[in-house]
Amino acid sequence: MDKLCIEGGRALNGTITVSGSKNAALPILFGCILAQGTVRLSNVPRLRDISTTLKLLEILGCRTTFEGNEVTVRPEKIVPEAPYELVKTMRASVLCLGPLLALLGQAKVSLPGGCAIGARPVNLHLSALELMGAEFELDSGYIYGRCDKLKGAHITFDFPTVGGTENLLMAAALAQGETVLENSAREPEVVDLANFLNAMGAKITGQGTSIIRIQGVSSLTGTDYRVMPDRIEAGTYIVAGVITGGEVVIQDCPFQELDAVTYKLREMGVWLEEKDGCALVKRHGELVGVDLVTQPFPGFPTDMQAQLMTLMCLAKGTGVIEEKIFENRFMHVQELVRLGADIRLKGRTAVVRGVPKLVGAPVMASDLRASASLVLAGLAAQGKTEVLRIYHLDRGYENLEAKLAGVGARVWREKE
Ligand code: UD1
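Residues numbered from 1 in each chain as written. Predicted model: local features only at pLDDT ≥ 70, side-chain atom pairs only at ≥ 80, totals over all residues. Heavy atoms only, no water.

Chemist: Can you help me understand the packing of aromatic side chains in this one?
Modeler: For any two aromatic rings, the description comes down to two numbers: the centre-to-centre distance and the angle of the planes. According to the stated counting rule, one finds two aromatic pairs in the structure shown. With a centroid separation of 6.5 Å and an interplanar angle of 55 degrees, the aromatic rings of Tyr142 and Tyr144 are classed as tilted. Tyr142 gets classed as buried once you look at its relative accessible area, which sits at 14%. Plain terms: the ring middles of Phe196 and Tyr225 are 5.5 Å apart, the flat faces sit at 70 degrees to each other, and that makes the pair edge-to-face. With a gap of 29 residues between them, Phe196 in helix α7 (residues 188-199) and Tyr225 in strand β16 (residues 224-226) connect regions that are remote in the sequence. (Phe/Tyr/Trp six-rings, centres within 6.5 Å; stacked < 30°, edge-to-face > 60°. Buried < 20%, exposed > 50% of the residue type's maximum accessible area, 1.4 Å probe, protein only. Helix = DSSP H or I, 4+ residues; strand = E, 2+ residues; numbered from the N terminus.)

This is the structure:
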């Protein structure tokens, strides 16, 4: 297992280019199952979750290639079984359920199970697919799904689930008649998937709003598509620049999709400007703590909560962070405290009191965004920080060390 070593306290200066979005690329890759013909995707980040998905697509009967940041997927004879060995390592595997049911009328997909940030059930995916005519049985850790041709339906989600909306978009694209999804997720990655499906010939309107309409079509074709840039990666590097007191330019920054984040950063005292698709970022005087609540898009993203918390650790005053999406997404708190942070937890709320400095120490990464927050803390801390179990980071940040080293960070990988 690898660990990441960081010699902190150096201001980062220069340009960091944002990679393609992991959370957009994953559903789009599962959407490829529906194509009759070859799909060519560009701007796909080279990450472990992407390789896992390509392995799963191969098992499901697709031919795939991955060169540079380009992926091709050619579905051949699709089979309906997603085995536990792959699904257990990546929860997003459950996104093959919708496409398999739409295409084959059957699916056997391992239940993803729990993960570090909470129970994360898939009940909303299943009950919505049931309204389209699917029937499910859970047996020996697998979801067995079956249907005749899926039928369009009027579905109102109890909660605007991102994965649930994506599974339903893919299922409804090939269903008979019209499907209306109400209270659907408005995340930019959902919009990217809908645009991709439309490029294959689907008839989807309303993506980006809470009511999406899908007119089922009889088949979808191959296409070429460029994956959107990663808003969470962009946000993480913005914080990296600010927390070290440097000045960074974030290239290919999806500024619009980061509204809730830039709003909070400005409230904290960060200077941000948009210019030609880049974000220019630096501190604007002293940073101050602010209150924030994570919410579905367009609210503040849970995937940026840990990074903002780290920044608040070094701000003046107190900030209160309420985590409303996942019940157990404060695993980074104890590790930040080991570096000298002052954070009190009460249920889903964290009270962060700013301290003048953090001091490097070995810390343990628990999930993807928690790991990112520990790297940020290490960049700002005095002395050496070692982030253990960085395989989490490899799931979500392309070339992390190279990108940080490129703007002056002293960071390297060692065997644990
Ligand atoms: C996606 C993102 C993840 C992000 C999250 C919220 C991907 C691959 N992952 O995850 O990075 O943090 O959106 O923005 O895109 N829920 C249920 N039942 C369900 C589905 C969800 O109770 O059937 C609950 C979950 O437990 C969670 C909340 O709803 O508490 C949000 O989940 P959801 O929006 O579905 O997130 P994911 O698609 O899993």
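Chemist: Explain helix α1 (residues 22-31) here, please?
Modeler: Quick reminder: α-helices carry 3.6 residues per turn. Residues three or four places apart thus point the same way. With nine of 10 residues buried, α1 lies mostly within the body of the structure. Two or three places before Asn23, at the opening of α1, Ser21 has a side-chain oxygen 3.4 Å from that residue's backbone nitrogen. (Polar contact = N/O pair within 3.5 Å; in protein donor to acceptor, adjacent residues only side chain to side chain.)

Chemist: Looking at this structure, I do not really get the site of the ligand. What am I missing?
Modeler: Surrounding the ligand, one finds 17 residues, the nearest of these being Asn123, Leu124, Thr161, Asp303 and Ile325. Taking Arg91, its side chain carries an N or O atom lying 3.4 Å from an oxygen atom of the ligand. The separation between an oxygen atom of the ligand and a polar main-chain atom of Gly163 is 2.8 Å. Within the complex, 85% of the 750 Å² of free accessible area of the ligand lies under protein. Among the secondary structure elements, those contributing two or more residues to the shell around the ligand are α5 (123-131) and α6 (162-173). (Near = heavy atom within 4 Å. Areas by Shrake-Rupley, 256 points an atom, 1.4 Å probe, with all protein chains shown as cover.)

Chemist: I tried to follow the sheet that holds strand β17 (residues 247-251) on my own but got confused; where do I start?
Modeler: Strand pairing in a sheet is mediated by backbone hydrogen bonds. Such pairs are either parallel or antiparallel. With respect to topology, four strands assemble into an open sheet ordered β2-β17-β19-β18, the strand pairing being mixed. Each of the sheet's edge strands pairs with one partner strand only, and the pair in question is β2 (13-17) and β18 (270-275). With direction set aside, neighbouring strand axes in the sheet form an average angle of 20 degrees. The pairing of β2 with β17 spans five bridges and is classified as parallel. Bridge pairing in β17 places Thr17 opposite Gln251. Taken strand by strand, helix α8 (residues 231-243) contacts β2, β17, β18 and β19 (278-283), and its axis lies near 170 degrees from that of β17. (Pairing = 2+ DSSP bridges. Axes fitted to C-alpha atoms, helices over the stretch in contact; angles between N-to-C directions. Contact = heavy atoms within 4.5 Å.)

Chemist: Help me understand the side chain of Glu187 in this model?
Modeler: Along the chain, Glu187 turns up in the loop between β12 (178-182) and α7. For the buried residue Glu187, which engages in no salt bridge, the nearest side chain bearing the opposite charge is Arg231, 4.9 Å off. A distance of 3.0 Å separates a polar side-chain atom of Glu187 from the backbone nitrogen of Phe297. Non-local contacts of Glu187, meaning those with residues more than four positions away in its chain, are made with Val162, Arg231, Pro296 and Phe297. (Lys, Arg positive; Asp, Glu negative; His and termini not counted. Salt bridge = Lys/Arg side-chain N within 4 Å of Asp/Glu carboxyl O.)

Chemist: Please clarify how the domain arrangement of the chain should be interpreted in this entry.
Modeler: Put simply, an interface is often sized by how much accessible area is lost when its parts join up. For the chain, the domain assignment lists domain 1 (2-19 + 229-415) and domain 2 (22-226). Distance from the C-alpha centre of domain 1 to the C-alpha centre of domain 2: 30 Å. With 26 residues of domain 1 at the contact, the number on the domain 2 side is 22 residues. Taking both partners together, domain 1 and domain 2 bury about 1900 Å²; carbon and sulfur atoms supply 53% of that area. By the criterion of area lost to domain 2, the three top residues of domain 1 are Phe297, Arg395 and Glu398, representing 31% of everything that side buries. The tally of links from domain 1 across to domain 2 stands at two salt bridges. Across the contact surface, domain 1 and domain 2 share seven residue pairs in polar contact (both at pLDDT 80 or more). (Domains from an automatic or database assignment. Buried area = accessible area lost by both parts, 1.4 Å probe.)

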